[in-house]
Amino acid sequence: MYDFDELAAFATVMEEGSLARSAMRLGVSKSTLSRRIHQLESHLGQPLLRRQSNRMIATEAGEIFLRYCHQLQQLARQSHQALDELTEAVSGALTVHVHSVFLRGWFASCAEDFLARYPGVRLEVRTQFSVPTVGDDRALCLWLGRAPECGLRQETLGRLSRRLYAHPDYLARYGVPCHPRELAGHDWVDLLGDAEEGLDLHHEREGIIDVAPPPSRLRVDQYAMHLDAIARGRGLGVLPDWMVAQREKAHPGELVPCLEAWRPADLPVTLLYPFGQRPRRVTSLLEMLRQSVPPAWQRDR
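In this report, we go over the structure that sits alongside the text.

Rules and cut-offs
- Residues numbered from 1 in each chain as written.
- Predicted model: local features only at pLDDT ≥ 70, side-chain atom pairs only at ≥ 80, totals over all residues.
- Heavy atoms only, no water.
- Helix = DSSP H or I, 4+ residues; strand = E, 2+ residues; numbered from the N terminus.
- Rg over C-alpha atoms; globule rule 2.2 N^0.38 Å.
- Buried < 20%, exposed > 50% of the residue type's maximum accessible area, 1.4 Å probe, protein only.
- Contact = heavy atoms within 4.5 Å.
- Lys, Arg positive; Asp, Glu negative; His and termini not counted.
- Charge placed at Lys NZ, Arg CZ, Asp CG, Glu CD.
- Polar contact = N/O pair within 3.5 Å; in protein donor to acceptor, adjacent residues only side chain to side chain.
- Core = buried A, V, L, I, M, F, W, Y, C linked by side-chain atoms within 4.5 Å.
- Pairing = 2+ DSSP bridges.
- Expected span 1.5 Å × (residues − 1).
- Arc of directions from axis to C-beta.

1. A short note on the overall build of the protein chain
Next, step 1: Of regular secondary structure, the protein chain possesses nine helices and 15 strands.
Next, step 2: Against the compact-globule benchmark of 19 Å for 301 residues, the protein chain has a radius of gyration of 30 Å, which places it well outside the compact range.
Next, step 3: Along the first, second and third principal axes, the C-alpha atoms of the protein chain reach 95 × 40 × 30 Å.
Next, step 4: Taken across its 301 residues, the protein chain has 45% of its residues classed as buried.
Next, step 5: The long-range fraction of contacts in the protein chain, counting pairs at least 24 apart against all pairs at least 6 apart in sequence, stands at 73%.
Next, step 6: Across the protein chain, 36 positive and 38 negative side-chain charges occur, with their mean positions spaced 5 Å apart.

Following this line, the structure appears as structure tokens:
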């Protein structure tokens with residue numbers, strides 16, 4: 001077992017090249033510093049330092065051990081930080097990047113509950129339009145859809161089923177499609193990029209069909225505007241069933257499903273956050289989000 005005072009003595013002499021300067025920097029006597037290095041060499045069974053002119057330089061064994069010495073010191077610092085986190089109050093600044101579909105309703109309620117429970121936290125919420133990458137270790141992201149490998153831990157909270165929807169008045173004017181091939185004769189409202197390269201629809205008996213919806217005259221990057229356009233009768237579009245159900249509570253009958261036997265793939269709801277030790281404010285919010293997942297999301301979790 002290494003003594004961390006001995007490791008600090010060796011690493012400091014390697015940086016300073018002088019016993020006197022190293023002793024002054026560490027706040028110990030020169031004899032204490034020499035004794036610690038001698039004890040470390042005794043534990044290792046090899047000399048680590050030798051004198052050359054007026055400097056202390058590493059032996060071959062010292063050069064090899066220095067790398068491990070730095071790693072051991074880093075582990076020691078991380079262990080202290082991890083233990084400090086156990087006593088840290090849930091407080092401080094926290095940034096959350098949230099997919100637009102969650103900003104109204106569910107996440108807003110979670111954020112308010114979190115701030116009420118932890119009055120020392122300052123929460124900043126930003127709309128997320130693209131998959132996040134490694135960055136500020138205080139930040140986390142709530143994402144909808146498949147997330148490619150981006151260097152962050154990915155945890156699936158649930159899945160949102162989807163269907164094609166339209167306003168009843170639109171269907172009364174233009175007819176109800178009976179097969180995906182008939183979508184070509186309808187107006188299409190596209191979430192930005194969602195169906196540009198085709199749309200896979202799954203049928204329990206007939207398998208998967210790849211359809212190409214007509215070019216959309218309205219392409220948006222916000223689910224709320226996407227849903228509003230379909231609810232106003234601008235055309236057909238794909239929407240998450242959970243989101244439509246929330247809309248139906250306030251505006252019943254505005255949206256009806258089409259081609260119910262044909263379904264687009266479900267979308268995963270994913271938490272993305274850095275690997276490793278996290279501040280307690282982050283772990284506390286993650287736990288609250290996990291506990292608040294709507295039952296509808298867990299159907300195919």
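2. Considerations on the side chain of R163
Next, step 1: Counting through the fold element by element, R163 comes out in strand β7 (residues 162-166).
Next, step 2: Classification of R163 as buried rests on a relative accessible area of 16%.
Next, step 3: Polar contacts involving the side chain of R163 include one to the side chain of Y165, which spans 3.3 Å.

3. Observations concerning the nonpolar core
Soluble globular proteins tend to bury their nonpolar side chains together.
Next, step 1: Residues F102, W106, F107 and L142 are the most contacted members of the largest nonpolar core, which totals 42 residues.
Next, step 2: Not counting the four nearest positions on each side in its chain, F107 is found in contact with V96, V98, F102, V125, L142 and L289.
Next, step 3: In terms of nonpolar packing, the next biggest core, distinct from the first, is built from 19 residues, F10, I37, M56 and F65 among them.

4. A short note on the pairing of β7
On a regular strand, each side chain points to the face opposite its neighbour's, so the side chains alternate between the two faces of the sheet.
Next, step 1: With five of its five residues buried, β7 lies for the most part within the structure.
Next, step 2: Where burial is concerned, the two faces of β7 agree: the one with R162, L164 and A166 and the one with R163 and Y165 are both buried.
Next, step 3: Where β7 and strand β13 (residues 256-258) come together, three bridges link them in antiparallel fashion. Bridging from a neighbouring strand, Y165 pairs with P257 of β13.

5. Details of the sheet that holds strand β9 (residues 199-203)
Next, step 1: If you walk across this open sheet you meet the three strands as β10-β9-β14, and the pairing is antiparallel. Only two strands of the sheet have a single partner each, and these edge strands are β10 (207-211) and β14 (262-263).

6. A short note on helix α5 (residues 106-117)
Next, step 1: Taking 1.5 Å as the rise per residue, α5 with twelve residues should run 16 Å; its terminal C-alpha atoms sit 17 Å apart, in good agreement.
Next, step 2: Residues of α5 that are buried: W106, F107, C110, A111 and F114. Taken end-on, α5 shows its buried residues confined to a sector of 130°, consistent with a single buried face. Among the exposed residues of α5, those oriented more than 90 degrees off its buried face are E112 and A116.

7. Some remarks on the side chain of H97
Next, step 1: Along the chain, the position of H97 falls in strand β3 (residues 92-99).
Next, step 2: Engagement of the side chain of H97 in a polar contact is seen with the side chain of Q128, the distance being 3.1 Å.

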